[in-house]
Amino acid sequence: MMSAVKKSIVVEQLRKAQMIELLSKEKRLDNRGLMDFRPVIIETGVIDRANGSARVQVGNTQVIAGVKIEIGEPFPDTPEKGLLVVNAEVLPLASAYAEPGPPDEDAIELARVVDRGVRESQMIDLSKLVLIPGRKVYAVFVDVNVLNTDGNLFDASSYATVASIATSTMPKFYVDQNGQIKQSNEIIPLPIKGIPVSITMARIGDTLIVDPTSEEEAVMDARITLVFDEDGNLCAGQKGQPGTLNFDQVKTVANTAKVKAKEIREIIKGGITEDAKG
Amino acid sequence: MPEVERKYVTPGELIAEGSYKPISNVIRIKDKLYATKVGLAEISHEGIRVIPLSGPYIPRVEDLVIGKIVDYSAFSWEVDINSCFFAYLSAQSVFGRDFSPDRESLLKKFSIGDLIYAKVIAYDRTRNPLLSVSGPGLGRIPKGEIVKISPAKIPRLIGKKGSMIKTIESATNCKLIIGQNGIILIVGTPDGVLLATQAIRMVESEAHLAGLTKNIQNLLSKSKEVQS
Amino acid sequence: MRELIDEKGLRIDGRRADELRPLRIEVGVLKNADGSSYIEMGKNKIVVAVYGPKEVHPKHQALPDRSVLRCRYHMAPFSTDVRKPPQPSRREIEISKVIREALEPALMLEEYPRTAIDIYLEVLQADGGSRCAGITASAVALADAGITMRDMVVACAAGKVSGQVVLDLNDMEDKEGEADMPVAIMPNLNQVTLLQLDGMLTPEEFEKAFEMAMNACRRIYEVQRKALMDKYFGKGEAGEE
């Protein structure tokens, strides 16, 4: 069974025992409480060539997202909506276990869950991004690059996506008398309806924790990500890993995550207004 | 006392000119000696060496290392020793020459995630390092906390004739087991382990600076004051 | 045709012919990588990670007497004016090869037989001269990883714009100028490890541009050295006890 490539970290048995002992006392290896996030740092406007950008650190996990807005054709089944495409890549820079190449199933899942959170919360009012219905719309591309992995890529990628969208600007286009698309001199923001917030939790044995590190993810039995809009509605959810959650745990997760989402929303908003000032 | 000149160097930098002997991390081109790593250059009549501040652990025969079991076959365990290569511990060396290949027995003895204290018994440019756990104090590590530092800093952590290690051990009432591969095991009370970890981190960040011994002593005695 | 140099001899970003763009290098910016660095050169923003020396997979790709050096230069989709799809383009593949060959002479790969050393460059924002900035940052990341190097490698481009030989072309000058010539050197051993030319230069212009690039490389080398010294020796004096 000598595998040619080690796919993920092997957590030392002693370390795992330590982790479990601490969890029974409601503490974690890095001294956090079960429901404590690591420090979340959000910087926006880091790539001035992009329409919007954000660099997010959740503990040692580091992610950068960039928004590029172009004029394109809408999806055939939504002719009256602008285009939104979210891509995510775990760069080979991010860890010894990340290989260069097209996104694998984990990266694709990451991109799609982040996309759902933004799309279903209707963070961007896509109906306001139409120039010629069925033919020409604004197309918003968000590319998320993970630079360093230490667990909880879902939340870090979501915060970077959301912060970069919320601080994006673009030239205003209009349709002239001849039906041609023209660019005006006006710079406008994307039409934003609110900030969705992603909260990821993990189950290790009988204990639920928020914001797992790489080590905790290597040991966890199940993971669940929930995304909340500003009204406290759930707009996206994804359970991961082969382990299960019982009904009580699902309820606990939903209630806890809703509260954490409010906290994190303040941090994201703080990071966004910093950019407006600077 | 032999005079030793010290200076910080980066790769490619000219350290000195003359008939010095290149000892380690130094190359000689005609009569010029250049550094090949970021580190502290020491120039003396013995020659010139550069103590690197980073770099992988390169195993040497007789080194004692702390390794993590990451895989196994019917014949051997694969061990992560924080080096460029995985090391191997043969089942025969553990169970005896008459052992017949059997994955079940291997898994029962050492399982994935176990830590072992082992000796490097073979390593050369043509093969992965080979380990042995036959010897006093070697084998599976049953308890303790692990701290990882850059292998380049281990000599400084041990100190002259083990002085630095003894200082930390007695001040924290802990037992420290040091792997040449940059991995250290600490066994003691939670407070002792915390203090020992702080001391080790201080050695790691100040290994090349003058006054480290004093700073360590200050750190250890300050804690004692707080405790009492 | 747009005038790229005005009557006062100033370029579109206000620089003189032999002026470098603002330059900044940080060392050790990524926690998981064995070595890493970040560079800003004008509007270029590039992050580099080094992993290795490490085992080679698949095993048959390993060399018995030295390490295999692998290099990946990649531009993030948001790094350019028009969004670039994430898949590697032919240009990125060529640049990956050229960067690898520029760094290889400086590395003592014989010290690590049967291993691989991986260099990953990610261009977060591009503005002309990204391969040179990438090479400069890569050498710093390799030194940060503690890989044995006979010298650093440092790179800069010179070229011709509006009939004049200029240093360190930005994106517009690269696109609309007459020639662009990236150069990389090992500054202590005085060896050239990269030389490319895109465009047309007379022999005299070539010499002038080459000399200009070489001198700039030496200035950039000082920034590399300082970045490494600051990270490793930032506080205090060298000593033993």
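Above this text you will find the structure in question.
Read on for an overview of the structure. Model, not experiment: these values are computed from the prediction.

## Re the overall build of chain C
- Per the secondary structure count, chain C includes four helices and ten strands.
- Element order for chain C, N to C, with α for helix and β for strand: β-β-β-β-α-β-α-β-β-α-β-β-β-α.
- Taking 241 residues into account, the globule formula puts the C-alpha radius of gyration at 18 Å, and chain C, at 18 Å, falls close to it.
- Projecting the C-alpha coordinates of chain C onto the three principal axes gives extents of approximately 55 × 45 × 35 Å.
- The proportion of buried residues among the 241 residues of chain C is 54%.
- Sequence separation of at least 24 residues holds for 71% of the intrachain contacts in chain C that already meet a minimum separation of 6.

## Focus: the overall build of chain A
- Helix and strand content of chain A: five helices and twelve strands.
- By the compact-globule yardstick of 19 Å for 278 residues, chain A fits well, its C-alpha radius of gyration being 20 Å.
- With 278 residues in all, chain A has 45% of them scored as buried.
- Excluding contacts between residues fewer than 6 apart, the proportion of contacts in chain A whose partners are at least 24 apart in sequence is 69%.

## A closer look at the sheet that holds strand E14 (residues 145–148) of chain B
Residues and elements named next belong to chain B.
- Overall, antiparallel pairing links the three strands, which are arranged E14-E16-E15 in an open sheet. A single partner strand is all that each edge strand has here, and the edge strands are E14 and strand E15 (175–178). Adjacent strand axes in the sheet meet at a mean angle of 25 degrees when their direction is disregarded.
- As paired strands, E14 and strand E16 (residues 183–187) are joined by four bridges and run antiparallel to one another.

## Quick word on the interface of chain A and chain C
- Across the boundary between the two partners, chain A contributes 27 residues, which contact 22 residues of chain C.
- Contributions of two or more residues to the side of chain A that touches chain C are made by strand E3 (61–72), strand E4 (83–90) and strand E6 (136–148) of chain A.
- A per-class count over the side of chain A that touches chain C returns 14 nonpolar, eight polar and five charged.

## Describing helix H5 (residues 190–206) of chain B
Residue and element names in this part refer to chain B.
- Look at H5: 24 Å from first C-alpha to last across 17 residues, which is about the 24 Å you get at 1.5 Å a residue.
- Every buried residue of H5 is listed here: Leu195, Ala196, Ala199, Ile200 and Val203. All buried residues of H5 project into a common sector of 140 degrees when viewed along the axis, lining one side.

## Brief notes about the environment of Ala156 of chain A
Residue and element names in this part refer to chain A.
- With respect to the helices, strands and loops of the structure, Ala156 is situated in helix H3 (residues 153–166).
- Residue classification places Ala156 among the buried positions, given that 31 C-beta atoms sit within 10 Å.
- For the pair formed by Ala156 and Thr225, sequence separation is 69 residues and the distance between their alpha carbons is 12 Å.
- Setting aside residues no more than four positions away along its own chain, Ala156 makes contact with Val56, Val58, Thr61 and Val63.

## A word on the packing of helix H1 (residues 90–103) of chain C against helix H2 (residues 130–144) of chain C
Residues and elements named next belong to chain C.
- Axis separation between H1 and H2 bottoms out at 10 Å; the angle between their running directions is 45 degrees. When the axis of H1 is compared with that of H2, the two are oblique. Every pair of crossing elements has a handedness; the one defined by H1 and H2 is right-handed. Residues Ile95, Val98, Ile99, Ala102 and Leu103 of H1 pack against Arg131, Gly134, Ile135, Ser138, Ala139 and Leu142 of H2.
- Classifying every residue of the contact of H1 with H2 by side-chain character gives eight nonpolar, two polar and one charged.

## Let's talk about the sheet that holds strand E4 (residues 26–29) of chain B
Residue and element names in this part refer to chain B.
- Pairing is antiparallel across the open sheet formed by three strands, whose spatial order is E2-E5-E4. Edge positions in the open sheet fall to strand E2 (14–17) and E4, since each of these has one partner strand only. The mean angle between the axes of side-by-side strands here comes to 25 degrees, regardless of whether they run parallel or antiparallel.
- Across three bridges, E2 lies against strand E5 (residues 32–35) in antiparallel orientation. Residue pairing in the sheet places Glu17 in a bridge with Lys32 of E5.

## Quick look at the pairing of strand E8 (residues 64–72) of chain B
Residues and elements named next belong to chain B.
- Bridge count for E8 against strand E11 (residues 115–124) is five bridges, and the pairing is antiparallel. The partner of Leu64 across the bridge, within E11, is Lys119.
- Sheet topology places E8 next to strand E9 (residues 76–80); four bridges connect them, and they run antiparallel. What sits directly across from Asp71, in E9, is Glu78.
- Between the end of E8 and the start of E9, which pair antiparallel, lie three residues.

## Focus: the nonpolar core
Residues and elements named next belong to chain C.
- Counting residues in each nonpolar core, the largest one holds 208 residues, and the members touching the most others are Val153, Ala155 and Ala213.
- The biggest single contributor to this core is helix H4 (residues 203–233), with eleven residues.
- Excluding anything up to four places from it in sequence, Val153 contacts Ala102, Leu103, Ala106, Ile135, Ala139, Ala184, Met186 and Thr193.

## Details of the environment of Tyr159 of chain A
Residues and elements named next belong to chain A.
- Residue position: Tyr159 is located in helix H3.
- For Tyr159, a count of 28 C-beta atoms within 10 Å gives the class buried.
- Spatially, the C-alpha atom of Tyr159 lies 13 Å from that of Asp211, the residues being 52 residues apart in sequence.
- Once residues within four sequence positions are removed from consideration, Tyr159 is found in contact with Val40, Ile42, Val56 and Ile268.

## A few points about the packing of helix H2 (residues 105–120) of chain A against H3 of chain A
Residue and element names in this part refer to chain A.
- Contact pair H2 / H3: the axes reach a minimum separation of 10 Å and the direction vectors enclose 45 degrees. Taken as axis vectors, H2 and H3 run oblique relative to one another. Judged by the sense of rotation from one axis to the other, the crossing of H2 with H3 is right-handed. For the pair H2 and H3, the contacting residues are Leu110, Val113, Val114, Gly117 and Val118 in the first and Leu153, Phe154, Ser157, Ser158, Thr161, Val162 and Ile165 in the second.
- Here the residues of the contact of H2 with H3 sort into eight nonpolar, four polar and no charged.

## Quick word on unusual backbone geometry
- Cis geometry is adopted by the peptide bond preceding Pro53 of chain C, which originates at Gly52 of chain C and carries an omega value of 0 degrees.
- Following the sequence through the fold, Pro53 of chain C ends up in strand E3 (residues 44–55).
- The step from His57 of chain C to Pro58 of chain C runs through a cis peptide bond, and the omega angle for that step is 0 degrees.
- Of note in this structure, Asn173 of chain B is not a glycine but carries a positive phi near 60 degrees.
- Inspection of the secondary structure puts Asn173 of chain B in the loop between helix H4 (163–172) and E15.
- In this structure, Arg114 of chain C is a non-glycine residue whose phi angle is positive, near 60 degrees.

## Some remarks on the pairing of strand E6 (residues 154–161) of chain C
Residue and element names in this part refer to chain C.
- In terms of residue burial, E6 counts as a mostly covered element, since eight of its eight residues are buried.
- Because side chains alternate across E6, one face comprises the buried residues Val154, Cys156, Ala158 and Lys160, and the other comprises Ala155, Ala157, Gly159 and Val161, equally buried.
- In terms of strand pairing, E6 meets strand E8 (residues 179–186) through seven bridges, oriented antiparallel. Within E8, the position partnered with Gly159 by the bridge is Asp180.

Reading the values: rules and limits
Residues numbered from 1 in each chain as written. Chains lettered and ligands numbered in written order. Predicted model: local features only at pLDDT ≥ 70, side-chain atom pairs only at ≥ 80, totals over all residues. Helix = DSSP H or I, 4+ residues; strand = E, 2+ residues; numbered from the N terminus. Rg over C-alpha atoms; globule rule 2.2 N^0.38 Å. Buried ≥ 20, exposed ≤ 12 C-beta atoms within 10 Å, placed from the backbone. Contact = placed C-beta atoms within 7 Å. Pairing = 2+ DSSP bridges. Axes fitted to C-alpha atoms, helices over the stretch in contact; angles between N-to-C directions. Nonpolar A, V, L, I, M, F, W, Y, C, P; charged D, E, K, R; others polar. Expected span 1.5 Å × (residues − 1). Arc of directions from axis to C-beta. Parallel < 35°, antiparallel > 145°, perpendicular 65-115°, else oblique. Left-handed = near helix turned anticlockwise from the far one by under 90°. Core = buried A, V, L, I, M, F, W, Y, C linked by C-beta atoms within 7 Å.

Remember, this is a structural readout, not a statement about activity or role.
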